[in-house]
Amino acid sequence: MRAMHLDRVMCIDARCYPIPWARDVYESELSLNDERLYLIARIVNNRATTRHGRTPKPQPAHNQTKTPKPQPAHNQTKTPKPQPAHNQTKTPKPRPAHTLTMTPKPRPAHILTMTIAGYGGVAFEEGKAHITTVAVDPDHRGRGIGAQLLLALMLAARRRRTSLTLEVASDNSAAQALYRRFGLAPVGIRRDYYTGTGLSPDAILMRADEIHQPDYANRLIKIAVELDCA
Ligand SMILES: CC(C)(COP(=O)(O)OP(=O)(O)OC[C@H]1O[C@@H](n2cnc3c(N)ncnc32)[C@H](O)[C@@H]1OP(=O)(O)O)[C@@H](O)C(=O)NCCC(=O)NCCS
């Protein structure tokens, strides 16, 4: 993820969470080059890929804030705002007979169309990895994009030989199912962790250890094969 992606990322964020992160939280996170990894998932010609861009220049120390409260999951997406009037399609007036209308040429197959469909991040601190956020645009869910993001974040944690933790809202069954698939197990409850965020207040703490072991590599390979991205 790079600064240039933030407009779209924040748009997805607003569709996924009642209180999205402010831009400066993202900017601060992106400035922590060595301790963070933020990825975007793009749909290229309708096929998902994950990618992280080059890291931006470090920001001054006063901008380097602590890890923001990881974003919780919730199952309700905000109702998108109605489109502004200029986007509402009116029935076009019939054109006079002498006006030529040009039918746009169909795009050649080799032209790529790319859309950011999701994003995720992990913080590395003191030999531990902590997932800070994972979100997929509601329009693109259920197609393995969340799993691809998590796979990439898990591989990064595995390279650093860390354990991995995250918090997830107690009622977020979709995210919990996704995390269980990656071997994360519930290890505790944080009461009122999300109070004031508009989400179910209690968080479940999930954790995976030994992710550098061969057994865990086999789990990731299996998932990658299932996702057809091995
Ligand atoms: C959680 C989230 C990232 C999953 O993204 P996704 O792209 O739909 O996930 P995938 O398509 O990769 O699905 C992965 C697994 O999640 C689970 N899952 C996905 N949608 C689900 C649903 N509606 N109900 C139950 N389980 C679901 C399934 O186990 C699925 O595995 P399967 O494909 O073998 O069935 C997405 O729902 C989301 O952005 N939610 C809002 C933000 C959020 O809650 N983030 C997590 C913060 S802790």
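In every chain, residue numbers begin from 1 and rise along the written sequence. Local features are withheld for residues below a pLDDT of 70 in this predicted model, meaning they are given only at 70 or higher, and side-chain atom pairs are given and counted only at 80 or more; totals for whole chains, interfaces and linings count all residues. Hydrogens and water are ignored here; the side-chain numbers use all heavy atoms of the structure.

Novice: How would you explain the pairing of strand β7 (residues 203–208) if you had to name every residue and give the values?
Specialist: Counting buried positions along β7 gives five out of six residues, so the element sits mostly inside the fold. Sheet topology note: the strand β5 (residues 163–169)/β7 ladder contains six bridges and is antiparallel. Across the sheet, residue L166 finds its bridge partner in β7, namely M206. Exposed residues in this analysis have more than 50% of their type's maximum accessible area, buried residues have under 20%, and partly exposed residues fall in between, with area computed by a 1.4 Å probe over protein chains only. Starting at the N terminus, helices and strands are each numbered in turn, a helix being any DSSP run of H or I of at least four residues and a strand any DSSP run of E of at least two. When DSSP finds two or more bridges between a pair of strands, those strands are recorded as paired.

Novice: Run through the state of the cysteines, naming residues and quoting values.
Specialist: Note that a disulfide, as used here, is simply two cysteine sulfur atoms within 2.5 Å. Using the criterion set out here, one finds zero disulfides in the structure. In this structure C11 is a free cysteine whose sulfur lies 9.6 Å from that of C16, the closest cysteine sulfur available. Owing to a relative accessible area of 38%, C11 belongs among the partly exposed residues under this scheme.

Novice: Any details on the pattern of salt bridges? Residues and values, ideally.
Specialist: Any two side chains of opposite charge can pair if their charged atoms end up close together. Any Lys or Arg side-chain nitrogen located within 4 Å of an Asp or Glu carboxyl oxygen qualifies as a salt bridge. Scanning all chains against the criterion turns up eleven salt bridges. The salt bridge involving D137 is made with R15; its shortest N-O contact spans 3.0 Å. Of this pair, D137 sits in the loop between β4 (128–136) and α3 (145–159) while R15 sits in helix α1 (residues 6–16), and the two are 122 residues apart along the sequence. The exposure classification of D137 matches that of R15, with both residues buried. For K222, the salt bridge is made with E226, and the minimal N-O distance between the two is 3.1 Å. With K222 and E226 both in helix α5 (residues 214–226) and four residues apart, the pair spans about one turn of that helix.

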